[in-house]
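# Observations on the model geometry
Below are the chains, spelled out letter by letter.
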Amino acid sequence: MIRLDKRILTHFDFVQPILIIPIIVLSYGLVSEASTMLANKQLVYFGVGSLFFIFFFLLPIRKIEWLIPAVYWINIILLISVDIFGVSKLGAQRWLEIPFVHFTIQPSEIMKPAFVLMLAYLIKKNPPDIKGYNLKQFLKISFFILLPFGLILVEPDLGTALLLLITGYGVLFIVGVNKKIWIVLIACTAISAPILYENLHDYQKKRIVDFISKEPSYQVKQSIIAIGNGGITGKSAEEATQTRFKFLPIATSDFIFAYTIERHGFIGGMALILLYGFLIAHLLSMNYKLKKDYFTKTVTSGIAILVFVYVSVNIFMAIGFAPVVGIPLPFYSYGGSSFITFMALFGILQNLLTFRFDPTYRFIKIKF
């Protein structure tokens, strides 16, 4: 007879699926209205993402955490390979093609779970003292943050590069770093900002110029019109003219927040924001419970920061408060890469939370 340890149920964090599943269901309803073909593809992504979640949930991460540096460096090699063997799409060289099957992978997406796990590994091996990390410790961890940041930046993929940068230093801020280091870092960033701007690609500069100009870009204008059209309670599918007549660009992915408000109004938009807000707050609140478990705290904080940045940038972009970048809403925007990445991340987190009572992962009991 095979029995699962009952402590799996008591340690599993059910709050996460309670908050995430409504986001997925609402997303699928909107994508279905926009395109049956896209909805069918999204179902495939849901299935693949679920398999990734199950795989990482059952993987004995604590037993094989010594492999994390190797996984990190393999991903670094993949990022370097993009510059040599990469496939270009829409003017950016971000993909690698798998031979014979003509299937492409995006190493920058695969890097996100490896990046968060590497931070957790480093912080667990060398946790901060009461005053936080000193300069030497800070620089050591910064190397592992800045390396993938630089490789992704030159693809070019400024959005993803900044995501990793903010996540990495956001985690360090939560874990603890000497205050003097932050003051110096902020001052250096402010001084070097003009130099950083001059080294951006032309299309990246254009996005910034469009953002600070008086007149928003065409995409943002249509997004704001869609949001205004939704009103308080939203419009029916026939009356959602911005989406129905294709005025709203990329309505199912980059500008799905505007599409949501056009269909479900201010109430629907606020409900979506509250779901994300509760999810982020729940993840961050878990740090108090985890205490000295720096490995799980780092993973939890990293995922919370990733979700926060994704959601903030996407929503601000839709209302004209941020430059237009290709950052989707987690679990909500159409597409496979982001959905599968976040399913893998939450599978890792649930693994660390559920099996923290038994790091040997002897959760299956067999009786004869």
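Along each chain, residue indices are assigned from 1 in the same order as the chain's sequence is written. Totals for whole chains, interfaces and linings use all residues, but because this is a predicted model, local features are given only for residues with pLDDT of at least 70 and pairs of side-chain atoms are given and counted only at 80 or more. Side-chain numbers come from the whole structure's heavy atoms, not from hydrogens or water.

## A short note on the environment of histidine 11
Within the secondary structure, histidine 11 is located in helix 1 (residues 7–11). Here histidine 11 falls in the partly exposed class, since its relative accessible area comes to 21%. Counting along the chain gives 341 residues from histidine 11 to leucine 352, while the straight-line C-alpha distance between them is 9.8 Å. Contact between two residues is taken to exist if any of their heavy atoms lie within 4.5 Å; hydrogens are not considered. Discounting chain neighbours no more than four positions away, the residues touching histidine 11 are Leu353, Thr354, Arg356 and Phe357. The numbering of helices and of strands both runs from the N terminus, where a helix is a DSSP run of H or I of at least 4 residues and a strand a run of E of at least 2. With a 1.4 Å probe rolled over the protein chains alone, any residue whose accessible area is under 20% of its type maximum counts as buried; one over 50% counts as exposed, and the rest are partly exposed.

## A short note on the side chain of threonine 167
Examined against the element boundaries, threonine 167 turns out to sit in helix 7 (residues 158–175). With a relative accessible area of 1%, threonine 167 lands in the buried category. Non-local contacts of threonine 167, meaning those with residues more than four positions away in its chain, are made with Phe115, Gly302, Ile305 and Leu306.

## Re the side chain of threonine 296
Tracing the chain through its elements places threonine 296 in helix 13 (residues 294–318). Side-chain polar atoms of threonine 296 contact the side chain of aspartate 293, separated by 2.8 Å. With sequence-adjacent residues up to four places away left out, threonine 296 is seen in contact with Arg62, Leu290, Leu352 and Leu353. Here a polar contact is taken to be a pair of N or O atoms separated by no more than 3.5 Å, where protein atoms must pair a possible hydrogen donor with a possible acceptor and residues adjacent in sequence count only if both atoms sit in side chains.

## Focus: the UniProt feature "transmembrane region" (unreviewed entry) in the protein
UniProt positions are given in the numbering used here, feature names are shortened, and annotations may be inferred rather than shown by experiment. As recorded in UniProt, the feature "transmembrane region" (unreviewed entry) lies at residues 12–31, 43–59, 66–88, 143–175, 181–197, 267–286, 298–325 and 331–353. Note that residues 43–59 is 94% helix and 0% strand, and that its end C-alpha atoms are spaced 24 Å apart. The span residues 181–197 shows a helical share of 100% and a strand share of 0%, and its end C-alpha atoms are spaced 23 Å apart.

## Overview of the nonpolar core
Remark: nonpolar core denotes a set of buried residues (Ala, Val, Leu, Ile, Met, Phe, Trp, Tyr, Cys) joined through side-chain atoms within 4.5 Å. Counting 94 residues, the largest nonpolar core has Leu172, Phe295, Val299, Leu329, Phe331 and Phe346 as the members making the most contacts within it. Top element by residues in this core is helix 13. It accounts for 14 residues.

## Focus on the packing of helix 12 (residues 256–290) against helix 13
Interaxial distance between helix 12 and helix 13 falls to 10 Å at its minimum, and their mutual angle equals 160°. Comparing the axis directions of helix 12 and helix 13 gives the class roughly antiparallel. For the pair helix 12 and helix 13, the crossing hand works out as left-handed. Note on element contacts: helix 13 touches helix 12 through Thr296, Lys297, Thr300, Ser301, Ile303, Ala304, Val307, Phe308, Val311, Asn314, Ile315 and Ala318, opposite Phe257, Ile273, Tyr276, Ile280, Leu283, Leu284, Met286, Asn287 and Leu290. Amino acids outside the nonpolar list (Ala, Val, Leu, Ile, Met, Phe, Trp, Tyr, Cys, Pro) and the charged list (Asp, Glu, Lys, Arg) are all regarded as polar, and Gly is one of them. Of the residues that constitute the contact of helix 12 with helix 13, the class distribution is 15 nonpolar, 5 polar and 1 charged. Fitted lines through C-alpha atoms give the axes, limited to the stretch in contact for helices. The angle between two N-to-C directions lies from 0 to 180 degrees. Should an angle fall under 35 degrees it is called roughly parallel, over 145 degrees roughly antiparallel, and 65 to 115 degrees roughly perpendicular, with every other angle called oblique. The hand of a helix crossing depends on one turn: near helix anticlockwise from the far one by less than a right angle means left-handed, and clockwise means right-handed.

## Describing the packing of helix 4 (residues 68–85) against helix 6 (residues 135–153)
Here helix 4 crosses helix 6 at 25°, and the two axes come no closer than 9 Å. Judged on the interaxial angle alone, helix 6 and helix 4 are roughly parallel. By crossing handedness, the relation of helix 4 to helix 6 is classed as left-handed. Across from Tyr72, Trp73, Ile76, Leu79 and Ile80 in helix 4, the residues of helix 6 making contact are Phe143, Phe144, Leu147, Pro148, Leu151 and Ile152.

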